[in-house]
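Structure assessment
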Amino acid sequence: MIQLHVHSQYSPTESPASLRELVLRAKYLNHTALALTDSNGVYGAINFIKLCHKYNIKPIIGSEITVSDYRLVILAKNKLGLMALYRILSLVHQNAAFDAIALEIKQNMDRLIQFTDDKALFTKLQKLAPKSTYFELSKGFFNQDTLTWIHIHGIRTIATCRIRVLDAKDYFYTDLLRAIKNNTTVNRLNKNTLFNEY
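Note that this is a predicted model, so its numbers are computed, not measured.

To continue, consider the packing of helix H5 (residues 119-128) against helix H6 (residues 144-153). It is the contact of H5 with H6, at a shortest axis distance of 13 Å, that shows an interaxial angle of 20°. In terms of their interaxial angle, H5 and H6 are classed as roughly parallel. Considering only the axes of H5 and H6, their crossing is right-handed. Counting all contacts with H5, which are made through Lys119, Phe122 and Thr123, the residues of H6 involved are Asp145, Thr146 and Trp149.

As a further point, take the side chain of Asp38. Position of Asp38 relative to the elements: it lies in the loop between strand S1 (33-36) and helix H2 (45-54). Overall, Asp38 belongs to the buried group, its relative accessible area being 1%. For Asp38, the side chain forms a polar contact with the main-chain nitrogen of Ser8, separated by 2.6 Å. Dropping the residues within four chain positions of it, Asp38 is found in contact with Val6, His7, Ser8, Tyr10, Ser11, Gly62, Ser63 and Glu64.

Another aspect to go through is the packing of aromatic side chains. Describing an aromatic ring pair means giving the distance of the ring centres and the angle of the ring planes. Applying the stated criterion across every chain, the model contains four aromatic pairs. Here the aromatic rings of Phe122 and Phe135 are separated by 5.8 Å at their centres, their planes lie at 85°, and the arrangement is edge-to-face. Residue Phe122 is located in helix H5, and its partner Phe135 is located in strand S5 (residues 133-138); the two are separated by 13 residues in the primary sequence. Considered together, Phe122 and Phe135 belong to a single accessibility category, that of buried residues. Relative to Trp149, the ring of Phe135 lies with its centre 5.1 Å away and its plane at 65°, an arrangement referred to as edge-to-face. Residue Phe135 is located in strand S5, and its partner Trp149 is located in helix H6; the two are separated by 14 residues in the primary sequence.

In this section: the pattern of salt bridges. Per the counting criterion, the structure on display carries six salt bridges. Residues Glu136 and Arg71 are paired through a salt bridge, measuring 2.8 Å at the closest nitrogen-oxygen approach. Here Arg71 lies in strand S3 (residues 70-76) and Glu136 lies in strand S5, a separation of 65 residues in the sequence. With respect to burial, Glu136 and Arg71 carry one shared label: buried. Close ionic contact of Glu104 with Arg87 constitutes a salt bridge, the shortest N to O distance being 2.7 Å. Here Glu104, found in helix H4 (residues 98-107), pairs with Arg87, found in helix H3 (residues 79-93); they are 17 residues apart in sequence, far enough to count as distant. Among the residues examined, Glu104 registers a relative accessible area of 11% and is labelled buried. Connected via shared salt-bridge partners are Glu64, Arg71, Asp117, Glu136 and Arg162.

Rules behind the numbers
Residues numbered from 1 in each chain as written. Predicted model: local features only at pLDDT ≥ 70, side-chain atom pairs only at ≥ 80, totals over all residues. Heavy atoms only, no water. Axes fitted to C-alpha atoms, helices over the stretch in contact; angles between N-to-C directions. Helix = DSSP H or I, 4+ residues; strand = E, 2+ residues; numbered from the N terminus. Parallel < 35°, antiparallel > 145°, perpendicular 65-115°, else oblique. Left-handed = near helix turned anticlockwise from the far one by under 90°. Contact = heavy atoms within 4.5 Å. Buried < 20%, exposed > 50% of the residue type's maximum accessible area, 1.4 Å probe, protein only. Polar contact = N/O pair within 3.5 Å; in protein donor to acceptor, adjacent residues only side chain to side chain. Phe/Tyr/Trp six-rings, centres within 6.5 Å; stacked < 30°, edge-to-face > 60°. Salt bridge = Lys/Arg side-chain N within 4 Å of Asp/Glu carboxyl O.

The following block contains the structure:
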């Protein structure tokens, strides 16, 4: 299995996991490749690539993009895909409309892979780049209706774990990061809205 949706401490207020911890865990589990998909950026990419090469793991660079109420993960297939990802991230940081990002995805459909668990967004992306768009299945983020929809329409899927923590001890730090992000205290966090991926 290759983990394709992984956040590190370079996803501010989302993950306490260091790049080294992530790569060492992948090595321990005998994974041959590992993706890094921090939120709206690739800030840890250079160090991630160096660590992966050191431990003989293929690095996959991507990002979880949040724009215009849409959330998707984009992975670069190659160097040209990485350049396209950089352009997309620049558009995100310029608060560009989703249509500009969609155009970049369409123009680079052979260089990028994108996936989302949003049915409406998936449908839009599939029309733009049918061969490189997948529906994301993650524990806690789908139901029987979704599975029926996938089956009826022959949707291509990717199963992910949405990794943000590596050990049970990290849950406290994740709660702390969530509290900071929401400008509240850990005690006031709604435990029912914890990230399902943990």
